Amino acid sequence: MITNKQLADLIFPNVTETIEDLERRYPPRNLPEGAEVTRFAPSPTGFLHTGSLFTSMICRKVASQSGGVFYIRLEDTDTKREIAGSGEQLLEQLQIFGVNPDEGYLGNSEKGSYGPYIQSKRADIYCVVIKHLLEEGKAYPCFCTTQDLEALRLEQESKKLNPGYYGEFAKCRNLTNEERYERIKHGDKFVIRFRSSGDYHNKIKVSDLVRGQFEIAQNDQDIVIYKSDGLPTYHFAHAVDDHFMRTTTVIRGEEWVASLPIHVELFAALGWKAPRYAHLPVIMKIDEETGNKRKLSKRKDREAAVSYFIEDGYLPEALIMYLMTIANSNFEEWILSNHFEGMQDFVFSFKKMSLDGALFDMGKLNFFARELLAKLNKNEITNLAISYAEKYNPDLYQTIKSDQNYFTEIMNIDREKANPRKDFEKFGNVLEIISYFYKDGYDKAISNGLQFNEKFTKEDIIEALSAIEKELQIGEDEQSWFNNLKEIGIKLNYAANNKEYKANPDNFKGNIGDLAEILRITLTGRKNAPSLYAVMALLGLEESHRRMECVISLIK
Ligand code: GLU
């Protein structure tokens, strides 16, 4: 008679370590009471999804605020889905957003004493645990071929039964150890399955930090834990890793709720205390076409990938802060009253998470982004614009480099004051917003036509611009410049203020605001621009006059 032990030795002849050895190698962490050990466990299968940034940001926050540890583990056991280089890229992107791990996988290296932190390098650890489960009869080799499984699927489908490898359908569960031994010796291919003792008709109570307690059907599937390529599957690997890496709280997307019964059963079978779980709501958006809520989609939505925000030149903090408003509804008020001074002191709470799908709102993100950019001084914003432009926006880069001081002064208009202008939400459209400060941008803008108020004839406009060109000086300061403009206006019969104009509109050509608008449209090609004085001062008299001449000859 072949014992489980003999079978386990046949499958894993070289595995001599035991679970106790692993327990000693990865002892419980020496952390203060209440410290949380969290992890972000991406699979290297593509770009960093905005939802994953959301998850990892919360993992980071929960560890930091409890004095714990946040680590990264690369879950690369699904070699078929792996995209080369994406692990490194994920890490780089996390770094950009300031989500830095205390330990774990770091791209080209790793740090910490609970490693390796790349699952494909942990095969020997998984084998120790699988060997143990085989010895205990809680796992068994399964020789079913793809065809066998396909036939099973069809049978279950025709009988309208739950699909899968369970109960009476788990054929290899009932083989004798002698049969198993023979087939393995004979070289038959096999995987190893976990022997579930659950019943789908029974419910178990599980508790979740976001959802509270709820009931869910027990697992009854004999899931594969060890594949024929010598690597474990995600469900099994994550349980082993979270145990030996001493994770206290698993924070992940709600798509994993359905797998919770498997995970709970695996921990119980191994006699380990399961970590606490927090399943985060999926990030949704309102579909532009249908008006309905739907998940952010990798295919349809640029904002589903964090690279979008990087390439468009958002400040990383803006997205992180915005994601925190999705996470905790009280954050927005908190950060407003903290004048956007950073979120280190904000205390995140799972209890304050909303369950019904967090809604991604670009408008609100842009609001955050504008607030943060408005807080920077002129040199900070210039330097950030340069580093962005250098990588992602050659036109902006060339423009800045053509005269860096000029750019800095443009960015400084209405900036260093108590209530600064909030024109910019991202570096990606800075050039569009300030293009009229540059000759090409200005010429292009006016070639698209000028929208002067229709109550003025072209003669009125020519008269106004000619007078301004002759008489308006930039002057000492905004006040003297404006007084100068007013004098010119009065001579041309523009009312000096709106009150005077309103009292007797027929006596005047317009009011001083009308004259300023003629000048604004002339100098910028648009109706809305920051302080006209600042614009004119920056352009200088010569360029301002050139623009007036241009407009005069254009409308003549
Ligand atoms: N590797 C899994 C994923 O790609 C992680 C799930 C978990 O955090 O447990 O989403």
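Because the structure is predicted, anything quoted here is derived from the model rather than measured.

Asker: Mind showing me how you'd approach the environment of alanine 237 here?
Answerer: Summarising the element assignment, alanine 237 is placed in helix α8 (residues 234-244). In sequence terms alanine 237 and lysine 499 are 262 residues apart; their C-alpha atoms lie 77 Å from each other. Ignoring anything within four residues of it in the chain, the contact list for alanine 237 reads Gln119, Tyr126 and Pro232.

Asker: Please clarify how the site of the ligand should be interpreted in this entry.
Answerer: The full set of residues close to the ligand is Arg39, Ala41, Ser43, Glu75, Tyr234, Arg252 and Trp256. In the model, a nitrogen atom of the ligand is placed 2.6 Å from a nitrogen or oxygen of the glutamate 75 side chain. Separating an oxygen atom of the ligand from a side-chain N or O atom of tyrosine 234 is a distance of 2.4 Å. Burial of the ligand by the protein amounts to 81% of the accessible area it has alone, namely 300 Å². Looking at the shell around the ligand, its residues break down into 3 nonpolar, 1 polar and 3 charged.

Asker: Even after reading the chapter, I still don't get the packing of helix α20 (residues 478-491) against helix α22 (residues 512-524), so can you show me in this structure?
Answerer: The axes of two packed helices give the description: the angle between them and the distance between them. Between α20 and α22, whose axes approach to 10 Å, the crossing angle comes to 105°. Regarding the angle of α20 to α22, the classification is roughly perpendicular. Two secondary-structure elements touch here, α20 through Trp481, Phe482, Leu485, Lys486 and Gly489 and α22 through Ile512, Leu515, Ala516 and Leu519. Considering only residue class, the contact of α20 with α22 consists of 7 nonpolar, 1 polar and 1 charged.

Asker: In this structure, what is going on with the sheet that holds strand β12 (residues 283-286)? I would like to understand it.
Answerer: Spatially, the 3 strands line up as an open sheet ordered β13-β12-β14, and their pairing is mixed. Two strands lie at the open edges of the sheet, namely β13 (293-295) and β14 (358-359), each paired on one side alone. Across 2 bridges, the pairing between β12 and β14 is parallel. Its bridge partner lying in β14, methionine 284 is registered against leucine 359.

Asker: Any chance you could explain the pattern of salt bridges here in plain terms?
Answerer: When their charged atoms lie close together, side chains carrying opposite charge are able to pair. Summed over all chains, the structure comprises 45 salt bridges. Here arginine 73 makes a salt bridge to aspartate 241, at a shortest N to O gap of 3.6 Å. Residue arginine 73 is located in the loop between β2 (69-72) and α4 (86-96), and its partner aspartate 241 is located in helix α8; the two are separated by 168 residues in the primary sequence. Residue classification places aspartate 241 among the buried positions, given a relative accessible area of 0%. Three or more residues joined by partner-sharing salt bridges are found here, namely Arg39, Arg73, Glu75, Arg122, Asp241 and Asp242.

Asker: Mind showing me how you'd approach the packing of aromatic side chains here?
Answerer: With the rule as written, the count across this model stands at 30 aromatic pairs. Taken together, a centroid distance of 6.0 Å and an interplanar angle of 55° make the contact between phenylalanine 143 and phenylalanine 190 tilted. With a gap of 47 residues between them, phenylalanine 143 in the loop between β5 (139-142) and α6 (146-158) and phenylalanine 190 in the loop between α7 (177-185) and β6 (191-194) connect regions that are remote in the sequence. For phenylalanine 143, a relative accessible area of 4% translates into the label buried. Members of the aromatic cluster, each reached through a chain of ring pairs, are Tyr308, Phe309, Tyr314, Tyr322, Phe340, Phe360, Phe367 and Phe368.

The rules behind each value
- Residues numbered from 1 in each chain as written.
- Predicted model: local features only at pLDDT ≥ 70, side-chain atom pairs only at ≥ 80, totals over all residues.
- Heavy atoms only, no water.
- Helix = DSSP H or I, 4+ residues; strand = E, 2+ residues; numbered from the N terminus.
- Contact = heavy atoms within 4.5 Å.
- Near = heavy atom within 4 Å.
- Polar contact = N/O pair within 3.5 Å; in protein donor to acceptor, adjacent residues only side chain to side chain.
- Areas by Shrake-Rupley, 256 points an atom, 1.4 Å probe, with all protein chains shown as cover.
- Nonpolar A, V, L, I, M, F, W, Y, C, P; charged D, E, K, R; others polar.
- Axes fitted to C-alpha atoms, helices over the stretch in contact; angles between N-to-C directions.
- Parallel < 35°, antiparallel > 145°, perpendicular 65-115°, else oblique.
- Pairing = 2+ DSSP bridges.
- Salt bridge = Lys/Arg side-chain N within 4 Å of Asp/Glu carboxyl O.
- Buried < 20%, exposed > 50% of the residue type's maximum accessible area, 1.4 Å probe, protein only.
- Phe/Tyr/Trp six-rings, centres within 6.5 Å; stacked < 30°, edge-to-face > 60°.

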